[in-house]
Amino acid sequence: MKIIGLTGGIGSGKSTLLAWFRSNGIPCFESDIVGKQLLNGQLKQDVIDYFGPELYPNDALDTKRMAQLVFQDKEALEKLNNLVHPAVGKAFKDFVEKNKNAQIVVKEAAILFETGAYKSCDFVILVYAPLEKRISRVIQRDGVKRAEVLARMSKQWDDNKKSALADFVIENDSLELAIEQLEAILKKLLA
Ligand code: ADP
């Protein structure tokens, strides 16, 4: 089995391209979504013990409040990462075990390089889109202000740093062309 890491900055088009893999029958693991599920499940009590119950109004994690909290507090961010990253790593191991007969699986993560998780992938695909396109796509997708998108981007590595570590870079300007690039990469990997 080959593990393909799929990464890219916010708004680059990771989820969109992941949907293409999924529609082609390739097992996909979405790290951010699994992380959120864990925070609402097995990690919930640990988070409440450390951060307090106000992060779970109506019994569900308020992701906006959590993001604000860790944005201003480095120690809180470290604590959260120390809870979430190992648990996501374990969930990914279980996912690989469950799909052990698959020829390839995809692990999608926004901060695959930043966390070092890329080291456990056989290949990494970086999704790239021009900054202004990413900003306007996220404003439209999430209904947020430009400043908030820029703040989220400031926590991620820039594309130059990431492309130096990636095996493939896909330009996601036109979706049609991005999918053509994906098909070519997959053909190479499966050859
Ligand atoms: P990410 O998962 O990297 O944050 P998404 O896949 O959610 O990014 O894409 C961000 C937004 O841009 C989504 O609303 C998506 O539908 C849109 N989008 C993605 N790729 C393209 C494209 N090539 N052209 C136009 N819109 C796109």
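Residues numbered from 1 in each chain as written. Predicted model: local features only at pLDDT ≥ 70, side-chain atom pairs only at ≥ 80, totals over all residues. Heavy atoms only, no water.

Okay, the pattern of salt bridges next. Counted according to the given criterion, the structure contains 11 salt bridges. A salt bridge links Arg22 to Glu30; the nearest nitrogen and oxygen atoms lie 3.2 Å apart. The class of Arg22 is partly exposed, set by a relative accessible area of 42%. Given the relative accessible area of 19%, Glu30 is considered buried. Measuring nitrogen to oxygen at the nearest pair gives 2.6 Å for the salt bridge that ties Asp173 to Lys133. Of the two residues, Asp173 sits in the loop between strand E5 (168-171) and helix H9 (175-190) while Lys133 sits in helix H6 (residues 131-142), which places them 40 residues apart along the sequence. Overall, Lys133 belongs to the partly exposed group, its relative accessible area being 33%. (Salt bridge = Lys/Arg side-chain N within 4 Å of Asp/Glu carboxyl O. Buried < 20%, exposed > 50% of the residue type's maximum accessible area, 1.4 Å probe, protein only. Helix = DSSP H or I, 4+ residues; strand = E, 2+ residues; numbered from the N terminus.)

For the protein, the domain assignment lists domain 1 (1-27 + 103-191) and domain 2 (33-98). Computed over C-alpha atoms, the centres of domain 1 and domain 2 are 23 Å apart. Of the residues lining the interface, 11 residues belong to domain 1; the matching set on domain 2 comes to six residues. The contact between domain 1 and domain 2 buries some 700 Å² in all, and 81% of this surface belongs to carbon and sulfur atoms. Per-residue buried area on domain 1 facing domain 2 is highest for Met1, Lys107 and Lys155; these three make up 44% of the total on that side. (Domains from an automatic or database assignment. Contact = heavy atoms within 4.5 Å. Buried area = accessible area lost by both parts, 1.4 Å probe.)

It is worth spelling out the site of the ligand at this point. Among the 14 residues in the neighbourhood of the ligand, the closest are listed as Lys14, Ser15, Thr16, Arg141 and Asn172. Within the contact set of the ligand, an oxygen atom lies 2.8 Å away from a side-chain nitrogen or oxygen of Lys14. One of the side-chain N or O atoms of Asn172 is found 2.7 Å from a nitrogen atom in the ligand. Coverage of the ligand by the protein chains reaches 73% of its 560 Å² of free accessible surface. Those elements giving two or more residues to the shell around the ligand turn out to be helix H1 (14-23) and H6. The element contributing the most residues to the shell around the ligand is H1, with three residues. (Near = heavy atom within 4 Å. Polar contact = N/O pair within 3.5 Å; in protein donor to acceptor, adjacent residues only side chain to side chain. Areas by Shrake-Rupley, 256 points an atom, 1.4 Å probe, with all protein chains shown as cover.)

All right, on to the nonpolar core then. In terms of nonpolar packing, the biggest core is built from 32 residues, with Phe29, Leu39, Val47, Phe51, Leu55, Met66 and Leu80 touching the most fellow members. Secondary structure elements with two or more residues in this core: helix H2 (31-39), helix H3 (44-51), helix H4 (63-72), helix H5 (74-98) and strand E4 (123-128). Among the elements that make up this core, the one with the highest residue count is H5 (nine residues). Looking at which domains feed residues into this core, each of domain 1 (1-27 + 103-191) and domain 2 (33-98) gives three or more. Excluding residues that lie within four positions of it along the chain, Met66 makes contacts with Leu39, Val47, Phe51, Leu55, Leu61 and Leu80. Leu18, Trp20, Val106 and Leu186 belong to the second largest nonpolar core, which has 19 residues in total. (Core = buried A, V, L, I, M, F, W, Y, C linked by side-chain atoms within 4.5 Å.)

The subject of this paragraph is H9. With 16 residues, H9 ought to run about 22 Å at 1.5 Å a step, and its terminal C-alpha atoms sit 22 Å apart, in line with that. Looking only at H9, the buried set comprises Ala178, Leu182, Ile185, Leu186 and Leu189. Projected down its long axis, H9 carries its buried residues within an arc of 100 degrees, all on one side. Summarising the geometry of H9, the exposed residues directed more than 90 degrees from the buried face are Glu176, Lys187 and Lys188. (Expected span 1.5 Å × (residues − 1). Arc of directions from axis to C-beta.)

Our focus in this paragraph is the pairing of strand E3 (residues 104-108). Among the five residues that make up E3, five are buried, leaving the element largely enclosed by the rest of the structure. Where burial is concerned, the two faces of E3 agree: the one with Ile104, Val106 and Glu108 and the one with Val105 and Lys107 are both buried. Inspection of the sheet shows strand E1 (residues 2-7) paired to E3 by five bridges, in the parallel sense. Looking at the pairing, Gly5 lines up with Lys107 of E3. Note that strand E2 (residues 28-30) and E3 share three bridges and pair parallel. What sits directly across from Glu30, in E3, is Glu108. (Pairing = 2+ DSSP bridges.)

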